[in-house]
Amino acid sequence: MRSLFGIAAALLLSTGAAYGEAQRIVIAGGDLTEIAFSLGVGDQIVGVDQTSLYPPAATELPQIGYVRRLTAEGVLSLAPDLVIAADDAGPEIAMEQLAASGVTVARAPETPMPADIADKIRFVGTTLGLEAEADQMAAAFRDRLDEVLGKVANLPETPRVLFILTVRGGAPLVGGRDTSAHVILEAAGAENAAAGFEGFKPMNQEAIISSAPDAILMMSQHAERAGGIESIMTRPEIALTPAGKNNRFVTMDGLFLLGFGPRTPEAIAELAASLQPAAAAAEGL
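Keep in mind it's a predicted model, so treat the numbers as computed, not measured.

Draft legend 1. Broad picture of the confidence of the model for the protein chain. When pLDDT is averaged along the protein chain, the result is 92; 92% of the residues meet or exceed 70. Within the model, pLDDT remains below 50 along residues 1-18, and this stretch shows 34 contacts once partners closer than five positions in the same chain are excluded.

Pasting the structure below:
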């Protein structure tokens, strides 16, 4: 796992522009876009990827495609002097071509846990020459995260939740261990009903029924594409679970829920409140 401070040299793939001097910024990663806007450089951003959906102003900027399916030509058409890219941005050949073109390419650190987001905030601040502002933002983030996690720890139950990524006719694609869905569920005081395997995998009817989730969680955008909540909850494998019998279904915006950006403490609080409303309200979540 990469560390922000342990591999600082690896974050800068090209030195076409010095940190803090960039006037035309392209960002690949919705979390990074959100941080950059929060640091006050929205007017310098000239392009973003398809995951950059917040703040609303980001959706009005030119698009460079999906974060893991970029083309150097598409990015370079916007004449950037700085590209800030997610750790998994790619393909790698496109990133190498961007670096070779003379554009500064800064790769973000991996942030597999909510607490790591503070490092990501500092990374963006360093990249933009806004270290002091980023330090202040990161400190506020950690304070809010600690506050939310402390309240979640006082919740009385540990509901079993099944995160469904997509439903496309066949077996639903669900999130197991070592996924952002697993991390956010645990942070919100829930147990991942699909923790028996790693990654995102199809789960057949028998396995879903056996997993006995108390609630189903989906990204709102994907739930809508699957026909809405009613369509999903009436699927036989869902209807026969405690979640189906009690009609417990939670949807949240995808970037908000799994983006691991500055709003993650609020996402954890909202998810916990959706799963245990009375107890969460008593805790002030």
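Draft legend 2. A look at empty space enclosed by the protein. Within this structure, the stated rule accounts for 1 cavity of 30 Å³ or more. Looking at the largest cavity, its volume works out to about 40 Å³. Every residue along the wall of the largest cavity is listed here: E34, L255, F256, G259, F260, G261, P262, R263 and T264. Broken down by class, the residue content of the lining of the largest cavity amounts to 4 nonpolar, 3 polar and 2 charged.

Draft legend 3. Here's a closer look at helix α4 (residues 92-100). Of all the residues in α4, the buried ones are A94, M95, L98 and A99. Down the axis of α4, the smallest arc covering the buried residues is 135 degrees, so these residues share one side. Tucked inside the fold, the buried residues of α4 contact α3 (72-76), β3 (82-85) and β4 (104-107).

Draft legend 4. How the structure looks around the pairing of β4. Here β4 shows two buried faces, one formed by T104 and A106 and the other by V105 and R107. Crossover connection from β3 via α4 to parallel β4: handedness right-handed.

Draft legend 5. Representation of the layout of surface pockets within the structure. What the largest pocket holds in volume is close to 1,300 Å³. In terms of lining residues, the largest pocket is bounded by 37 residues, among which Y66, R68, D88, S180 and L258 are the most central. At the level of elements, α2 (30-38), α7 (180-187), α9 (220-225) and α13 (254-258) are the ones that each hand at least two residues to the lining of the largest pocket. Examining the composition of the lining of the largest pocket, we find that 4 residues originate from one element, α7, more than from any other.

Draft legend 6. Structural context of the side chain of K120. Assignment of secondary structure puts K120 in helix α5 (residues 117-127). Residue K120 is classed as buried on the basis of its relative accessible area, which comes to 2%. Dropping the residues within four chain positions of it, K120 is found in contact with D31, L32, I35, P109, T111, G259 and F260.

Draft legend 7. Seen up close, the nonpolar core. Ranked by size, the top nonpolar core spans 74 residues in total, and within it L128, F163, L257 and L271 carry the most contacts. Once residues lying within four places of it in the same chain are set aside, the contact partners of F163 are L173, V174, G175, A181, L185, F200, L217, M218, M219, L257 and L258. If you look at the next biggest cluster of nonpolar residues, it comprises 18 residues, including L162, F197, M203 and A223.

Draft legend 8. Expanded view of the sheet that holds β4. Taken together, the 4 strands give an open sheet; going across it, the order is β2-β1-β3-β4, and neighbouring strands pair in parallel fashion. The two strands at the open ends of the sheet, each matched to only one other strand, are β2 (45-48) and β4. Pairwise comparison of adjacent strand axes, ignoring direction, gives a mean angle of 20 degrees for this sheet. Summarising the sheet, strand β1 (residues 25-28) and β3 pair through 4 bridges and their orientation is parallel. Pairing of I27 across the sheet is with I84, part of β3.

Draft legend 9. How the structure looks around unusual backbone geometry. Across the junction of Y54 and P55, the peptide omega takes the value 0 degrees, indicating a cis bond. In this fold, P55 is placed in the loop between β2 and α3. For the bond from G90 to P91, the omega torsion is 10 degrees, close enough to zero to count as cis. Structurally, P91 is set in the loop between β3 and α4.

Draft legend 10. Just the packing of helix α6 (residues 131-152) against helix α14 (residues 264-275), in detail. Put simply, α6 and α14 touch, their axes get as near as 9 Å, and they point 15 degrees apart. As summarised for this structure, α6 and α14 are arranged roughly parallel, according to the angle between their axes. Crossing hand, α6 versus α14: left-handed. Across the interface between the two elements, F141, R144, L145, V148, L149 and V152 of α6 pack against T264, P265, E266, I268, A269 and A272 of α14.

Analysis parameters
- Residues numbered from 1 in each chain as written.
- Predicted model: local features only at pLDDT ≥ 70, side-chain atom pairs only at ≥ 80, totals over all residues.
- Heavy atoms only, no water.
- pLDDT = per-residue confidence, 0-100.
- Contact = heavy atoms within 4.5 Å.
- 1 Å grid on protein atoms, 1.4 Å probe; cavity = no way out; pocket = protein on both sides within 12 Å on 5 of 7 lines; lining within 4 Å.
- Points joined across faces, edges and corners; volume = space filled by probe spheres on them.
- Nonpolar A, V, L, I, M, F, W, Y, C, P; charged D, E, K, R; others polar.
- Buried < 20%, exposed > 50% of the residue type's maximum accessible area, 1.4 Å probe, protein only.
- Helix = DSSP H or I, 4+ residues; strand = E, 2+ residues; numbered from the N terminus.
- Arc of directions from axis to C-beta.
- Right-handed = clockwise from strand over helix to strand, strands pointing away.
- Core = buried A, V, L, I, M, F, W, Y, C linked by side-chain atoms within 4.5 Å.
- Pairing = 2+ DSSP bridges.
- Axes fitted to C-alpha atoms, helices over the stretch in contact; angles between N-to-C directions.
- Parallel < 35°, antiparallel > 145°, perpendicular 65-115°, else oblique.
- Left-handed = near helix turned anticlockwise from the far one by under 90°.

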